[in-house]
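So the chains spell out like this:
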Amino acid sequence: QVQVVESGGGLVQPGGSLRLSCVASGFTFSRYAMSWYRQAPGKERELVAAITSAGGNTNYADSMKGRFTISRDNAKNTVYLQMNSLKPEDTAVYYCNARAVILFVSHDYWGQGTQATVSS
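Description of the structure in this document.

Procedures and definitions
- Residues numbered from 1 in each chain as written.
- Predicted model: local features only at pLDDT ≥ 70, side-chain atom pairs only at ≥ 80, totals over all residues.
- Heavy atoms only, no water.
- Helix = DSSP H or I, 4+ residues; strand = E, 2+ residues; numbered from the N terminus.
- Contact = heavy atoms within 4.5 Å.
- Disulfide = S-S within 2.5 Å.
- Buried < 20%, exposed > 50% of the residue type's maximum accessible area, 1.4 Å probe, protein only.
- Phe/Tyr/Trp six-rings, centres within 6.5 Å; stacked < 30°, edge-to-face > 60°.
- Salt bridge = Lys/Arg side-chain N within 4 Å of Asp/Glu carboxyl O.
- Pairing = 2+ DSSP bridges.

With that out of the way, let us pick up the side chain of Arg 67. On the secondary structure map, Arg 67 appears in the loop between β6 (58-60) and β7 (68-73). Apart from residues lying up to four places away in sequence, Arg 67 is in contact with Gln 82, Met 83, Asn 84, Ser 85, Leu 86, Lys 87 and Asp 90.

And the structure:
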């Protein structure tokens, strides 16, 4: 059974930090590229950051560069998102995504999300 479970969200003041975690099970984690997306109220879901299966390459949305860091530990089936210098506009539900094409079949798994709120 595939499971993708996010944690680490919460309430933080502007300028603060949060570290999100995403633990996956039920599939071969090390074969999947992992991404974090977010969705703010009334807005479309947007890509925050992505990391390749072995962790050698990362990609960030422009507004997150220099503030957010994505990393992964394949031994723990876990991907992280370190968020620093948080702003009120970072308030959103953050979702973890696992994606791979294996033997020409696309696999795409999502977690339920974790709420991050940046407010004073």
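Picking up where we left off.
Attention now goes to the state of the cysteines. Applying the stated criterion across every chain yields a total of one disulfide. Across a sulfur-sulfur distance of 2.1 Å, Cys 22 and Cys 96 are joined as a disulfide pair. Looking along the S-S bond of the Cys 22-Cys 96 disulfide, the torsion reads about -80°, which is the left-handed sense. Of this pair, Cys 22 sits in strand β3 (residues 18-25) while Cys 96 sits in strand β9 (residues 92-102), and the two are 74 residues apart along the sequence. Classification of Cys 22 as buried rests on a relative accessible area of 0%. Residue Cys 96 is classed as buried on the basis of its relative accessible area of 0%.

The relative placement of two aromatic rings is captured by the distance of their centres and the angle of their planes. In total, this model carries four aromatic pairs according to the counting rule given. Plain terms: the ring middles of Phe 27 and Tyr 109 are 5.0 Å apart, the flat faces sit at 40° to each other, and that makes the pair tilted. One end of the pair, Phe 27, is in the loop between β3 and β4 (33-39); the other, Tyr 109, is in strand β10 (residues 105-110), and 82 residues separate them in sequence. Taken together, the ring pairs in this structure connect Phe 27, Tyr 32 and Tyr 109 into an aromatic cluster.

The full count for this structure, using the stated rule, is five salt bridges. A salt bridge links Asp 62 to Lys 65, with the shortest nitrogen-to-oxygen separation between them at 3.3 Å. Taking the relative accessible area as the measure of exposure, Asp 62 reaches 65% and is therefore exposed. In this structure, the salt-bridge partner of Asp 108 is Arg 99, at a minimum N-O distance of 3.3 Å. A residue is classified by how much of its surface remains accessible, and Arg 99, at 34% relative accessible area, is partly exposed. One salt-bridge network, in which partners are shared between bridges, spans Arg 38, Glu 46, Arg 67 and Asp 90.

Moving on to the pairing of β10. Here β9 pairs with β10 via six bridges, running antiparallel. Paired with Ile 102 across the bridge in β10 is Val 105. Counted along the chain from β9 to the antiparallel partner β10, the turn is two residues long, and its residue Leu 103 has a positive phi close to 50°.

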